Amino acid sequence: MEENIYVTRPSLPPVEEYIEYVRQIWDSHNLTNMGMVWQEFNKGLSAFLQEQHVLPMSNGHMALEMALQALDITGEVITTPFTFASTTHAIVRNNLTPVFCDIKESDCTIDPDKIEELITDKTSAIVPVHVYGMPCDVERIEKIAQRHNLKVIYDAAHAFGERINGVSISRYGDISMFSFHATKCFNTIEGGCAVTRDKETMLKIYQLHNFGIVGRESVELVGANAKMNEFQAAMGICNLKHFEENRNARKVIFNRYRERLSGINGLRLLDYDEDKNTYNYSYMPIFVDSAEYGMNRDALRELLAKKHIYARKYFYPITNKFNCYKNIGFRGNTEIAEQKSKQVLALPLYADLNIETVEEICNVIEEGAGNGVR
Ligand SMILES: *Cc1c(COP(=O)(O)O)cnc(C)c1O
């Protein structure tokens, strides 16, 4: 490749569409604090998600922190380490103890068979992750939560625009968080949102995200600042218009990857169920079994890097192996998560990635397989 190819590339709307809104912001002299553009975005977002209570925020991480705070979660929270730093940090930063549950081999989401053995009288919530946009086993998680009276907060950072049996993925759990970071399939530069079906919970998150201010002279909660500004909201309005067209473009790329890579010895792909789920096709993780493939994950990454293709180890290391948690010794056996994290390589996938580039990436991976012992 002549130019460098990275794992993702932010989608941008035609610049004229954004400028229209910038002009509107200039005219209003209103830059933030839930202004006109924010309100328009929130309305469009709620309609898109088919949800009544949606709050656009400064980023997904703060939405997750405030979701935990809004539900008064205490003690232990069951979650997975096969995720971005944010999930575990949000739990720890709320003075809660993460308890790590292992993931399923088939799709890398939390293994419902292993949740109940981790529940103690201190457990108050489950924070599962729809990692790579693979929907968690939402029905089984719901049953477990009901049986043990636990709250469920989904880290849906990867799952924007997805549906399970035709229903928005945000319909499950007490709260869902989406991330609109530049690297995600839908972006507001930085940004995110919280979604809940409970009006009171939404009101509390709304107050928390604006310093806990309730009235002109009344501050009721120890909140912080997680407000989305007008420029972010403008980007959201513009990008949302192109979301479906971008999803379709990614699907073509995703399908080509699957056609080319699913037959290669020693490479594993996740199990997608397209009859049940509507995906957003924003990640293309492959898992390298070095014995079978003839080369390990790191060697394959190097091989691609030589051709200026920069695949990423999403997610390595797993969060319970982070240096900042070295001395804490969290509970939970996460063998499969650890194994997966040593095998995973996320390949470039974004709406305007050339199909020729995809063919070339697949050629390198195919040749790599030929390199080693079978
Ligand atoms: C991106 C991401 C977040 C955090 O979202 P930000 O908008 O970047 O704060 C949380 N969890 C996961 C799994 C993510 O990938």
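The coordinates are above.
All of these numbers come straight from a predicted model, not from anything done at the bench.

Quick notes on the site of the ligand
Turning to step 1, where the next piece is worked out: Around the ligand, the surrounding shell holds 15 residues, and the nearest of these are G60, D155, H158, S179 and K184.
Turning to step 2, where the next piece is worked out: Between G60 and the ligand, the recorded distance is 2.8 Å, taken from a backbone N or O atom to an oxygen atom.
Turning to step 3, where the next piece is worked out: Within the backbone of H61, a nitrogen or oxygen atom sits 2.8 Å from an oxygen atom of the ligand.
Turning to step 4, where the next piece is worked out: Protein contacts shield 93% of the accessible area of the ligand, which totals 380 Å² for the unbound molecule.
Turning to step 5, where the next piece is worked out: Only α3 (60-70), α4 (85-93) and β9 (175-179) provide two or more residues apiece to the shell around the ligand.

Quick notes on the nonpolar core
Turning to step 1, where the next piece is worked out: In this structure, I115, I153, F160, F178 and F180 are the most contacted members of the largest nonpolar core, which totals 73 residues.
Turning to step 2, where the next piece is worked out: In terms of residues, this core owes the most to one element, α3, which gives 7 residues.
Turning to step 3, where the next piece is worked out: Discounting residues that sit within four places of it in the chain, F178 has contacts with L49, G60, A156, A157, A159, F160, I169, S170, G192, C193 and V195.
Turning to step 4, where the next piece is worked out: Counting residues in hydrophobic clusters, the runner-up holds 46 residues, among them I103, Y257, I286 and F287.

A closer look at the state of the cysteines
Turning to step 1, where the next piece is worked out: One pass over the full model with this rule turns up 0 disulfides.
Turning to step 2, where the next piece is worked out: Between C108, a free cysteine, and C136, which holds the nearest cysteine sulfur, the sulfur-to-sulfur gap is 11 Å.
Turning to step 3, where the next piece is worked out: The exposure class of C108 is buried, given its relative accessible area of 1%.
Turning to step 4, where the next piece is worked out: With no disulfide of its own, C238 has C185 as its nearest cysteine by sulfur position, at a separation of 17 Å.
Turning to step 5, where the next piece is worked out: For C238, a relative accessible area of 0% puts it in the buried group.

Side note on the sheet that holds strand β8 (residues 167-168)
By definition, the strands of a sheet pair up through backbone hydrogen bonds, in either a parallel or an antiparallel sense.
Turning to step 1, where the next piece is worked out: Read from one edge of the open sheet, 3 strands run β8-β7-β14, paired in antiparallel fashion. The sheet terminates laterally at β8 and β14 (277-278), the two strands that pair on one side only.
Turning to step 2, where the next piece is worked out: Taken together, the 2 bridges between strand β7 (residues 163-164) and β14 define a ladder with antiparallel strand orientation. Paired with I164 across the two strands is N277, which belongs to β14.

Quick word on the layout of surface pockets
Where empty space is left in the structure can be found by rolling a water-sized probe over the atoms.
Turning to step 1, where the next piece is worked out: In this structure, the largest pocket spans a volume of roughly 580 Å³.
Turning to step 2, where the next piece is worked out: Taken together, 35 residues form the lining of the largest pocket, with S179, H181, T183, K184 and Y283 sitting closest to its centre.
Turning to step 3, where the next piece is worked out: Of all the elements in the fold, those that place two or more residues in the lining of the largest pocket are α3, α4, β9 and β17 (344-347).
Turning to step 4, where the next piece is worked out: In terms of residue class, the lining of the largest pocket is made up of 15 nonpolar, 14 polar and 6 charged.
Turning to step 5, where the next piece is worked out: Lining the lining of the largest pocket are residues from two domains, each supplying at least three of them: domain 1 (15-241) and domain 2 (243-368).

The rules we used
- Residues numbered from 1 in each chain as written.
- Predicted model: local features only at pLDDT ≥ 70, side-chain atom pairs only at ≥ 80, totals over all residues.
- Heavy atoms only, no water.
- Near = heavy atom within 4 Å.
- Polar contact = N/O pair within 3.5 Å; in protein donor to acceptor, adjacent residues only side chain to side chain.
- Areas by Shrake-Rupley, 256 points an atom, 1.4 Å probe, with all protein chains shown as cover.
- Helix = DSSP H or I, 4+ residues; strand = E, 2+ residues; numbered from the N terminus.
- Core = buried A, V, L, I, M, F, W, Y, C linked by side-chain atoms within 4.5 Å.
- Buried < 20%, exposed > 50% of the residue type's maximum accessible area, 1.4 Å probe, protein only.
- Contact = heavy atoms within 4.5 Å.
- Disulfide = S-S within 2.5 Å.
- Pairing = 2+ DSSP bridges.
- 1 Å grid on protein atoms, 1.4 Å probe; cavity = no way out; pocket = protein on both sides within 12 Å on 5 of 7 lines; lining within 4 Å.
- Points joined across faces, edges and corners; volume = space filled by probe spheres on them.
- Nonpolar A, V, L, I, M, F, W, Y, C, P; charged D, E, K, R; others polar.
- Domains from an automatic or database assignment.

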